[in-house]
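Commentary on secondary and tertiary structure
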Amino acid sequence: MSDAELVLRSTRVITPEGTRAASVAVSAGKITAVLPHDAPVAEGTRLEDVGDHVLLPGLVDTHVHVNDPGRTEWEGFWTATRAAAAGGITTLVDMPLNSLPPTTTVDHLRTKQAVAAGKAHVDVGFWGGALPGNAKDLRPLHEAGAFGFKAFLSPSGVDEFPHLDQDGLARSLAEIASFDGLLIVHAEDPHHLAAAPQHGGPRYADFLASRPRDAEDTAIAQVIAAARRLHARVHVLHLSSSDALPLIAAARADGVRITVETCPHYLTLTAEEVPDGASEFKCCPPIREAANRDLLWQALADGTIDCVVTDHSPSTADLKTADFGTAWGGISGLQLSLAAVWTEARRRGHDLADVVRWMSTRTAGLVGLDARKGAIAPGRDADFAVLAPDAAFTVDPARLQHRNRVTAYAGKTLYGVVRSTWLRGERIVADGEFTEPRGRLLSRTP
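What you see is a predicted model, and the numbers here were worked out from it, not measured in a lab.

What follows is about the pattern of salt bridges. Inspection of every chain in the model, using the stated rule, returns 26 salt bridges. Lys30 is paired through a salt bridge with Asp381; the nearest N and O atoms lie 2.6 Å apart. A residue pair is termed long-range when its members are at least 10 positions apart, and Lys30 in strand E3 (residues 30–36) and Asp381 in the loop between helix H12 (352–366) and strand E15 (384–394) qualify at 351 residues. Here Asp381 falls in the buried class, since its relative accessible area comes to 6%. The residue Arg347 makes a salt bridge to Glu344 at a minimum N-O spacing of 2.5 Å. On the criterion of helical spacing, the pair formed by Arg347 and Glu344 is a turn pair, its members being three residues apart in helix H11 (residues 337–347). Counted as one network, the salt bridges with shared partners bring together Lys30, Asp123, Lys373, Asp381, Asp383 and Arg424.

Next up on the list: the sheet that holds strand E13 (residues 257–262). The strands making up a sheet associate through backbone hydrogen bonding, with each pair oriented either parallel or antiparallel. The strand order across the open sheet built from six strands is E9-E10-E11-E12-E13-E14, with neighbouring strands paired in parallel fashion. Two strands in the sheet have a free side with no partner beyond their single neighbour: strand E9 (128–129) and strand E14 (307–308). Direction of pairing for E13 relative to E14: parallel, over a ladder of two bridges. Across the sheet, residue Thr262 finds its bridge partner in E14, namely Val308.

Moving on, we get to the packing of aromatic side chains. All told, the structure shown has eight aromatic pairs when counted by the stated rule. Plain terms: the ring middles of Phe149 and Phe179 are 6.0 Å apart, the flat faces sit at 70° to each other, and that makes the pair edge-to-face. A residue pair is termed long-range when its members are at least 10 positions apart, and Phe149 in strand E10 (residues 149–152) and Phe179 in the loop between helix H4 (166–178) and strand E11 (182–186) qualify at 30 residues. In this pair, the class of Phe149 matches that of Phe179, namely buried. The rings of Tyr204, Phe207 and Phe324 are connected pair by pair, giving a single aromatic cluster. Over the ring of Trp74 we find Arg71, and its NZ or CZ is 5.3 Å from the ring centre. Sitting over the face of the ring of Tyr415, Arg346 holds its NZ or CZ atom 4.1 Å from the ring centroid.

Another point: the pairing of E10. In E10, alternate side chains face the same way, and those of Phe149 and Ala151 on one face and Lys150 and Phe152 on the other are all buried. Sheet topology places E9 next to E10; two bridges connect them, and they run parallel. Bridging from a neighbouring strand, Gly128 pairs with Phe149 of E10. Read from E9 through helix H3 (residues 135–143) to E10, the crossover connection turns out right-handed.

Moving on: the nonpolar core. The nonpolar side chains of a soluble globular protein tend to be buried, and buried together. Ranked by internal contacts, the top residues of the largest apolar core, which has 101 residues, are Leu183, Leu239 and Val355. Aside from chain neighbours lying at most four places away, what touches Leu183 is Ala130, Phe149, Ala151, Leu169, Leu173, Ile176, Arg233, Val234 and His235. If you look at the next biggest cluster of nonpolar residues, it comprises 20 residues, including Phe161, Leu237, Ala364 and Val367.

Rules behind the numbers
Each chain carries its own residue numbering, running from 1 in the direction its sequence is written. Where local features are concerned, this predicted model is filtered to residues with pLDDT of at least 70; where side-chain atom pairs are given and counted, the filter is 80 or more; whole-chain, interface and lining totals use all residues. Just so you know, side-chain values use all the structure's heavy atoms and leave hydrogens and water out. The working definition used for a salt bridge is a side-chain nitrogen of Lys or Arg within 4 Å of a carboxyl oxygen of Asp or Glu. Helix and strand assignments follow DSSP, with helices taken as H or I runs no shorter than four residues and strands as E runs no shorter than two, numbered in order from the N terminus. Here the term buried applies to any residue with accessible area under 20% of the maximum for its type, exposed to any over 50%, and partly exposed to those in between, with areas from a 1.4 Å probe on protein chains only. Pairing between strands is defined by DSSP: at least two bridges between them are needed. Only rings of Phe, Tyr and Trp enter the pairing, Trp through its six-membered ring, and a pair is recorded when the two centres are within 6.5 Å. The plane angle decides the type: under 30 degrees is stacked, over 60 is edge-to-face, the rest tilted. Our definition puts a charge over a ring when NZ of Lys or CZ of Arg is within 6 Å of the ring centre and also within 35 degrees of the ring normal. Viewed with both strands pointing away, a crossover whose connecting path from the first strand over the helix to the second turns clockwise is right-handed. We define a nonpolar core as any set of buried Ala, Val, Leu, Ile, Met, Phe, Trp, Tyr and Cys residues linked to one another through side-chain atoms lying within 4.5 Å. Residue contacts are defined here by distance: any two heavy atoms, one from each residue, within 4.5 Å place the two residues in contact.

Structure representation (structure tokens):
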């Protein structure tokens, strides 16, 4: 440990080999060794002993709508990355829509990178977008460092990001497969949505009926068929319908290269508890029933669902009207995602190593950052969260770092308080006090 600049010591360090007491040596922003807890520390090396708090790798959230530039009144890189850091997230990947311009060309990617530079408290990467008619832009975006390509199979909610029909899906996916890129898909079938009852109004039951499970199931089947035919890599975003799980498991067993995520709100909230008019709970696809939630947890446990991400999709408070038909659909969750998932996971008998696998290790792997992020192991970036897992808190919206503090978790008691967050061996937040931004802009690993 003689060459270490910093040593973080804890009686509970979550490593790929298990949770154990350890001392983690850091030099030049990288983890250089994971040593026994009582390993001697050389003179001049800084020691940070966090006692019995858990040292876990910083989380990697691959589904975040920062909305900057163009809709910065909804969020922004400064506020989004502060919220991420406060919640133990050290890397996020920004979605290509809800910003203006959307990230659908290299020029638009460069615009977004220029806006993010100097404002990011955590590391930030970028998804590109697959739209009707932009197949020619996909390879250049890939070569410019985009981590993959987001597509909708039904209307996205913003006019500047239209959805792909089945022919468009085939064209985009064929192009992406030609360079072994990744297509990530909002999978809801527009025909099923159009056929569903569209009442509008304040009743959550009516909104739930307007986004039926078969819309998800059909669209996922279409994605699977296209991926099988083209030997392409695909990823299903924000799975909410447990009915699609057998399709996904069978496709994977048949060799289809498909991965799947779900979100904290689908794992911790239920349709039965959503009050009428409470559109802070509105998202698409929707929060479904408790029995559906149980099956999502089962799929996480058996590996059918790979990972958990926020789909942080904020808006200004005025867009969250009491009418579920017209309110903006999106849930803000960056700062609370770790605590929300951990609260429900511990109740169901899971441990923090499971949470790390779902929210850090596998998400890093999804975007090709697993040589740099997602684990406390030599050679990885020294990104950490220090967590008091048994400490509880009640969610007070006024204490959130999000620009708009509308939250579906208001008033809920959650477990797991992030005491500090570290990025490449530098503490970036501790007990609510932030440093100046130190995040870097990331590109896809070749």
